[in-house]
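Examining the three-dimensional arrangement
Read off the chains here:
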Amino acid sequence: MNMTKMKKCFLKTRAITAVLMLLFVFISTAAFTSGDTEKPALNNVNKNETVYVSLENNGEVSKIEIVNWLFIPRQASIEAMDEKFTDYGKYKSVKNLTGQEKPQIKNDSVTWPMTAFEAANLFYSGIADKKLPFEIAIKYYLDGKEAEPGDLAGKSGDLKIHFRVENKTAQEEPIKYSGYYDEEVVKNEDYYIPFAVQISLELDLEKFSDFRSDKASLVITGKTANISFSSIPYPDEEFELEMYGENIEINPINIIILPREIPALTDLEESEEGLKELADGLEEMGDGSVDLLEGMDEVIDGVGEFKENSQELTDAISKINHGAYTLNSESSGITKGMNGIKNGLGELNSQSGQISSAISQINSGASGLSGGLQQSAAGMGELENASAGILGGLQLLQSTNNGLCQAAQALLSDPDFQALKTSDPTLYKELLAVLEGVLGENAIISGTSSNPGLVNGMTGLNSGISDMKNGLDALADNFLAFSQGVSEMTSEIDKLPDGISQLYEGQKKLYSGWREYADGISELYNGTQKLYDGTKNMPKDISKLYEGLTDFREGLAELKNEGITEIKEEVIKNYDDVKFGIALTDRTKQLAENYRSFMNNQKNIYSSVQFVLQTKGIKVEEAETEPVIEEKVESNFWQKLINLFRKKEE
């Protein structure tokens with residue numbers, strides 16, 4: 001293909017693209033009036049700008065041409081037939097695409113007579129020399145090395161195309177919004193008129209394969225791969241397409257850019273409300289942590305006081321344990337003494353019948369009285385010895401019991417023991433029962449005002465037996481006195497076995513009760529030993545608790561002063577960022593809605609605009625052939641529009 005045919009093919013492609021864009025405008029663009037608003041009929045003039053930009057293959061701008069479409073309702077057009085309409089923009093040249101009418105051009109204004117509108121429409125184009133609100137940069141890499149676009153035609157290898165789109169509409173006016181504390185916040189940060197960008201390529205599948213891109217959309221139509229990138233660069237964005245190419249040729253790359261609102265990624269208003277509630281909650285948490293710190297101070301003070309008293313409590317428990325140990329140690333001696341009493345009474349009980357029988361025999365007969373008296377005296381000697389043994393056992397029991405009573409009285413008056421009434425009521429009751437039992441036993445053994453007691457009774461009995469022995473001795477010398485004594489004793493001696501038997505049975509019960517009591521003392525000692533073992537480390541444990549509570553209090557204070565405060569500050573910062581985001585979204589939305597004209601955005605206030613950009617494309621050059629002479633036919637509007645691009649390039 002020669003250069004002339006390539007040129008014509010390229011122009012034809014541009015013309016078709018222009019027609020498609022105009023159809024897109026007819027269908028999707030709702031543009032509004034611009035220019036002179038003093039005359040009511042002219043307020044109905046609508047305008048749309050399509051900015052066609054010819055790009056070099058590297059993205060540099062080679063030509064900017066604007067096609068303006070002015071249209072008005074037919075009735076309004078009839079009413080305004082004698083008027084003129086002024087559009088705004090500084091053009092290097094202007095051409096009527098609808099008819100032969102000429103405009104009046106003054107500086108940055110283009111004024112058309114309303115008679116130039118055919119069927120209430122007027123198309124005109126203009127060449128502009130003005131910077132675009134964005135920049136396009138395209139780089140090519142073949143087998144990993146950057147290559148000039150013109151050097152790629154006909155080559156083969158791994159091809160990468162790198163696009164960079166940069167928004168050049170940075171705004172300087174600060175953004176104001178209401179912060180967390182309802183204060184006015186002014187933030188100076190660059191923001192931009194948002195533009196939606198779509199880059200599209202049509203690639204021959206017979207020349208390209210192995211397409212790779214993270215951001216591209218790929219649609220296959222027959223033997224053509226339609227690849228597109230869509231985004232809203234803010235302020236810039238990059239795209240890459242990688243593929244394998246053979247005998248590389250790349251059709252013109254088409255880029256469409258429209259002012260569009262940035263779609264919200266999240267519901268900022270809900271985020272604002274949630275952050276506000278979170279910040280308020282942190283505020284309440286901070287206040288609550290102050291109360292918690294005050295409560296912790298009271299707890300720490302209480303534990304500190306308990307820490308100081310815990311050693312005294314431990315010492316008191318130790319004393320109680322020692323007293324229980326003493327009771328348990330001495331109870332074995334008491335058990336032995338009571339067992340001796342029981343055995344002595346058993347022996348006395350077994351011999352009491354013999355004593356009674358002997359006295360009866362003495363009283364009933366006089367024969368062998370002297371020998372009988374001697375036997376009786378000897379028997380009374382044995383009885384006296386047994387009685388003395390019983391009395392010694394009771395006195396030993398009394399001595400032991402007196403020691404226990406002194407220990408019990410000391411323990412009852414001990415303040416530490418009284419402290420158990422509050423700290424451990426159960427243990428206090430158990431110990432109190434034991435101590436009262438010891439004191440009650442003393443009353444049985446030593447006697448009271450109403451009861452002489454075992455010792456006193458046995459002392460009297462022993463004295464009586466001794467007296468009986470002395471009497472028998474005297475009776476041996478004085479039978480008459482003895483006979484009278486025996487006669488008197490006979491009436492009483494029959495009671496002795498029953499009394500001794502009752503005393504013996506009582507002592508057996510007392511011994512049995514004492515054994516249970518001794519077992520109770522042993523259990524008490526074991527219990528107090530466990531209590532002591534469980535509490536002897538209490539001062540150290542309470543010290544650790546005190547230190548732990550102190551550390552916890554310091555951590556809580558740090559959390560309140562640093563953690564909660566920092567989190568709250570961060571949440572408030574995020575809240576302010578969201579508020580700024582809402583304000584920025586509103587501002588950029590307003591900027592997108594207000595960007596209506598590339599040629600004069602201040603005066604063409606009822607316009608709409610879109611940009612159509614196209615690269616030249618990369619083609620393999622072919623040998624030149626004679627140009628084909630085409631038959632000239634009458635052109636309609638669309639043909640005129642297509643021919644416009646042909647004439648300009650020729």
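Everything discussed here concerns the structure shown above.
Presented here is a report on the structure given in the accompanying data block. Nothing here was measured: the structure is a model prediction, and the numbers come from that model. Each chain has its residues counted from 1, following the order in which its sequence is written. The predicted nature of this model means local features are confined to residues of pLDDT at least 70 and side-chain atom pairs, given and counted, to a pLDDT of 80 or more, with totals for whole chains, interfaces and linings taken over all residues. Where side-chain values are given, they derive from all heavy atoms of the structure, hydrogens and water being excluded.

Quick look at the packing of aromatic side chains
Aromatic rings in a pair are described by how distant their centres are and how their planes are angled relative to each other. Pairing of aromatic rings covers Phe, Tyr and Trp, the last through its six-membered ring, and needs centres within 6.5 Å; plane angles under 30 degrees mean stacked, over 60 mean edge-to-face, and all others mean tilted. In the structure shown here, the tally under the stated rule is 14 aromatic pairs. Relative to F195, the ring of F134 lies with its centre 5.9 Å away and its plane at 70 degrees, an arrangement referred to as edge-to-face. Of this pair, F134 sits in strand β8 (residues 134-142) while F195 sits in strand β13 (residues 195-204), and the two are 61 residues apart along the sequence. When accessible area is computed with a 1.4 Å probe and restricted to protein chains, residues below 20% of their type maximum are described as buried, those above 50% as exposed, and intermediate ones as partly exposed. For F134, a relative accessible area of 4% gives the class buried. A centroid spacing of 4.8 Å and a plane angle of 80 degrees characterise the contact between Y180 and Y181, whose relative ring orientation is edge-to-face. For Y180, a relative accessible area of 8% gives the class buried. Numbering of helices and strands runs from the N terminus; a helix is a DSSP stretch of H or I covering at least four residues, while a strand is a stretch of E covering at least two.

Let's talk about the sheet that holds strand β16 (residues 224-231)
The pairing of strands in a sheet happens through backbone hydrogen bonds and is either parallel or antiparallel. Taken in spatial order, the 9 strands make up an open sheet running β4-β7-β2-β1-β19-β18-β13-β16-β15, and their pairing is mixed. The sheet is open, and its two borders are formed by β4 (93-96) and β15 (217-221), each paired with just one other strand. When the angles between neighbouring strand axes are averaged without regard to direction, this sheet yields 20 degrees. Strand pairing requires that DSSP identify at least two bridges connecting the strands. Pairing of strand β18 (residues 254-259) with strand β19 (residues 609-615) involves 4 bridges; the strand directions are antiparallel. Considered in β19, the bridge of I256 is made with V612. For helices, the fitted line uses only the C-alpha atoms of the stretch in contact; every axis is such a line through C-alpha atoms, and the angle between N-to-C directions lies from 0 to 180 degrees.

What about the pairing of strand β10 (residues 157-167)?
In the sheet, β8 pairs with β10 via 9 bridges, with the strands oriented antiparallel. Paired with F134 across the two strands is N167, which belongs to β10. Alignment of β10 against strand β17 (residues 236-245), held across 10 bridges, turns out to be antiparallel. Bridging from a neighbouring strand, K160 pairs with E242 of β17.

A few points about empty space enclosed by the protein
Here a cavity denotes grid points, spaced 1 Å and computed from the protein atoms alone, that fit a 1.4 Å probe unable to get out, and a pocket denotes an open set having protein on both sides within 12 Å along at least 5 of 7 lines; residues with an atom within 4 Å of a point are the lining. Grid points are joined across faces, edges and corners, and a volume is the space filled by probe spheres set on the points. The tally for this structure, following the rule as stated, stands at 3 cavities of 30 Å³ or more. At the level of elements, β10 and β13 are the ones that each hand at least two residues to the lining of the second largest cavity. It is β10 that provides the largest number of residues to the lining of the second largest cavity, a total of 3 residues.

Some details on unusual backbone geometry
In the segment running from Y234 into P235, the intervening peptide bond is cis, with an omega of 5 degrees. In this structure, N107 is a non-glycine residue whose phi angle is positive, near 50 degrees. With respect to the secondary-structure elements, N107 resides in the loop between β5 (104-106) and β6 (109-113). Phi angles above zero are rare outside glycine, and D182 is one such case at about 65 degrees.

Let's talk about the sheet that holds strand β14 (residues 208-212)
Spatially, 5 strands are ordered β9-β8-β10-β17-β14 in an open sheet, and the strand pairing comes out antiparallel. The sheet terminates laterally at β9 (145-147) and β14, the two strands that pair on one side only. On average, each strand axis in the sheet is tilted by 30 degrees relative to the strand beside it, whichever way the strands run.

Here we look at the pairing of β15
Sheet analysis places β15 next to β16, joined by 5 bridges and oriented antiparallel. If you follow V219 over to β16, its bridge partner there is N226. Between β15 and β16, which pair antiparallel one after the other, the connecting turn spans 2 residues, and G222 there sits at a positive phi close to 65 degrees.

Things to note about the pattern of salt bridges
Working definition: two side chains of opposite charge can pair if their charged atoms are close together. Salt bridge, as used here, is a side-chain nitrogen of Lys or Arg placed within 4 Å of a carboxyl oxygen of Asp or Glu. Enumeration according to the criterion identifies 14 salt bridges in this entry. Two residues, R164 and D236, come together in a salt bridge whose shortest N-O distance is 3.5 Å. Here R164 is found in strand β10, whereas its partner D236 is found in strand β17, with 72 residues between them in sequence. Look at D236 and you get partly exposed, because its relative accessible area is 33%. Using a relative accessible area of 27% as the deciding quantity, one classes R164 as partly exposed. Three or more residues are tied together by salt bridges with common partners; here these are R164, E166, K168, D236 and E238.

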